[in-house]
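Here are the chains, one letter per residue:
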Amino acid sequence: GQQVMQIPQYQHVQEGEDFTTYCNSSTTLSNIQWYKQRPGGHPVFLIQLVKSGEVKKQKRLTFQFGEAKKNSSLHITATQTTDVGTYFCAGPRDSNYQLIWGAGTKLIIKP
Amino acid sequence: EADIYQTPRYLVIGTGKKITLECSQTMGHDKMYWYQQDPGMELHLIHYSYGVNSTEKGDLSSESTVSRIRTEHFPLTLESARPSHTSQYLCASSGRDRGQFFGPGTRLTVL
């Protein structure tokens, strides 16, 4: 069945280091969405990418959608403690347009 | 203020009890969703609705039911709670071509 895989599961970084999470779909997606969930919180919508090869920036966050619209990445430059949380990607299912979610990448800042 | 609300935030109940988790949104969104999420894990869609009098089951087999009599209200009912239902339940809504907006969640513990 249609799947969205996300790697890595965890990433430990020193504050100030960069962070990247990758999302790969088994099928071409019409769009991909990214969400952030702080520990103990709920997912918060960050962005939606629609176009092939699209790149969008939000301050230190850079989002990319692959040319084939099957993969995406989120890159955070110079992480801060406020970036801690789990980052999820999600894309619409072909059959009913409901979102298929990646398993998330947890960003952990080393003390 | 446009928002999405869930009550109760926390609930501890005994096995066999019937419970209803409330969800309301003031954003005028047609689409609403219920997800189940264990701590730090991926989201599983259990029910969704495209509008009034429309409800569908999601990917995760669930013993719960939902109703959508009013646009803003999407309650979830468990007829007979079991320990396996212990989890966090997240309600979300979405408008046209935008991401999903989540409520704060209900943390359910069934003893």
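Whatever comes next refers back to the structure up there.
Presented here is a report on the structure given in the accompanying data block. Keep in mind it's a predicted model, so treat the numbers as computed, not measured. Here, residues in each chain are numbered from 1, in the same order as that chain's written sequence. The lettering of chains begins at A and the numbering of ligands begins at 1, in the order of writing. Only residues with pLDDT of at least 70 are given local features in this predicted model, and only at 80 or more are side-chain atom pairs given and counted; all residues enter the totals for whole chains, interfaces and linings. Side-chain calculation: all heavy atoms of the structure are included, whereas hydrogens and water are not.

What follows covers the sheet that holds strand S3 (residues 19-25) of chain B. In a beta sheet, neighbouring strands pair by backbone hydrogen bonds and run either parallel or antiparallel. All names here are of chain B. With antiparallel pairing, four strands are arranged side by side in an open sheet as S1-S3-S8-S7. The open sheet is flanked by strand S1 (4-7) and strand S7 (64-66), the only strands paired with a single partner. This sheet shows a mean twist of 15° between the axes of neighbouring strands, independent of strand direction. At least two DSSP bridges between two strands are needed for those strands to be called paired. Put simply, DSSP H or I for four residues or longer makes a helix, DSSP E for two residues or longer makes a strand, and each gets a number counted from the N terminus. Pairing analysis gives three bridges linking S3 to strand S8 (residues 76-78), with the strands arranged antiparallel. In the strand pairing of S8, Leu-21 is matched with Leu-76. Note on geometry: axes are C-alpha line fits, over the in-contact stretch for helices, and angles between N-to-C directions span 0 to 180 degrees.

Residue and element names in this part refer to chain A. Counting rule for disulfides: a pair of cysteine sulfur atoms within 2.5 Å. The full count for this structure, using the stated rule, is two disulfides over all chains. Each sulfur in the disulfide pair Cys-23 and Cys-89 lies 1.9 Å from the other. On the sign convention where negative means left-handed, the S-S torsion of about 75° between Cys-23 and Cys-89 marks this disulfide as right-handed. Of the two residues, Cys-23 sits in strand S3 (residues 19-25) while Cys-89 sits in strand S9 (residues 85-92), which places them 66 residues apart along the sequence.

Bringing the interface of chain B and chain A into the picture now. Size of an interface: often given as the accessible area lost when the parts come together. Any two residues whose heavy atoms approach within 4.5 Å are treated as being in contact. Listed as interface residues are 20 residues of chain B and, on the opposing side, 17 residues of chain A. In short, buried area is how much 1.4 Å probe accessible area vanishes from two parts on joining, totalled over both. Taking both partners together, chain B and chain A bury about 1500 Å²; carbon and sulfur atoms supply 49% of that area. Salt bridges are defined by distance alone: a side-chain nitrogen of Lys or Arg within 4 Å of a carboxyl oxygen of Asp or Glu. Counting across the chain B and chain A interface gives one salt bridge. Residues Arg-93 of chain A and Asp-59 of chain B are paired through a salt bridge, measuring 2.8 Å at the closest nitrogen-oxygen approach. Pairs of N or O atoms within 3.5 Å make up the polar contacts considered here, provided that, within protein, one atom can donate a hydrogen while the other can accept it, and that residues adjacent in sequence are counted only when both atoms are side-chain atoms. At the junction of chain B with chain A, the criterion picks out six residue pairs in polar contact (both at pLDDT 80 or more). Every element with two or more residues in the side of chain B that touches chain A is listed here: strand S4 (31-37), strand S5 (44-51) and strand S9 (87-94) of chain B. Residue classes follow a fixed rule: Ala, Val, Leu, Ile, Met, Phe, Trp, Tyr, Cys and Pro count as nonpolar, while Asp, Glu, Lys and Arg count as charged, and any other residue, Gly among them, counts as polar. In terms of residue class, the side of chain B that touches chain A is built from 10 nonpolar, five polar and five charged.

What follows covers the nonpolar core. A general tendency of soluble globular proteins is for nonpolar side chains to be buried together. Residues Ile-32, Trp-34, Leu-46, Phe-63, Leu-74, Ile-76 and Tyr-87 of chain A are the most contacted members of the largest nonpolar core, which totals 20 residues. When residues of this core are traced back to their parent elements, those giving at least two are S3, strand S4 (32-37), strand S5 (43-49), strand S7 (61-65), strand S8 (71-76), S9 and strand S11 (105-110) of chain A. By nonpolar core is meant a set of buried Ala, Val, Leu, Ile, Met, Phe, Trp, Tyr and Cys residues that side-chain atoms within 4.5 Å join together. Burial classification: accessible surface area is computed with a 1.4 Å probe over protein chains only, and a residue below 20% of its type maximum counts as buried, one above 50% as exposed, and the rest as partly exposed. Core analysis: the next-biggest nonpolar cluster, separate from the first, contains 18 residues, Ile-13, Met-32, Ala-81 and Tyr-89 of chain B among them.

Attention now moves to the pattern of salt bridges. Inspection of every chain in the model, using the stated rule, returns six salt bridges over all chains. The residue Asp-83 of chain A makes a salt bridge to Arg-60 of chain A at a minimum N-O spacing of 2.8 Å. Placement of Asp-83 of chain A in the loop between S8 and S9 and of Arg-60 of chain A in the loop between strand S6 (55-58) and S7 is noted, with a sequence separation of 23 residues between them. You can call Asp-83 of chain A buried: its relative accessible area is 4%. Here Arg-70 of chain B and Glu-72 of chain B are joined by a salt bridge, their closest N and O atoms 3.1 Å apart.

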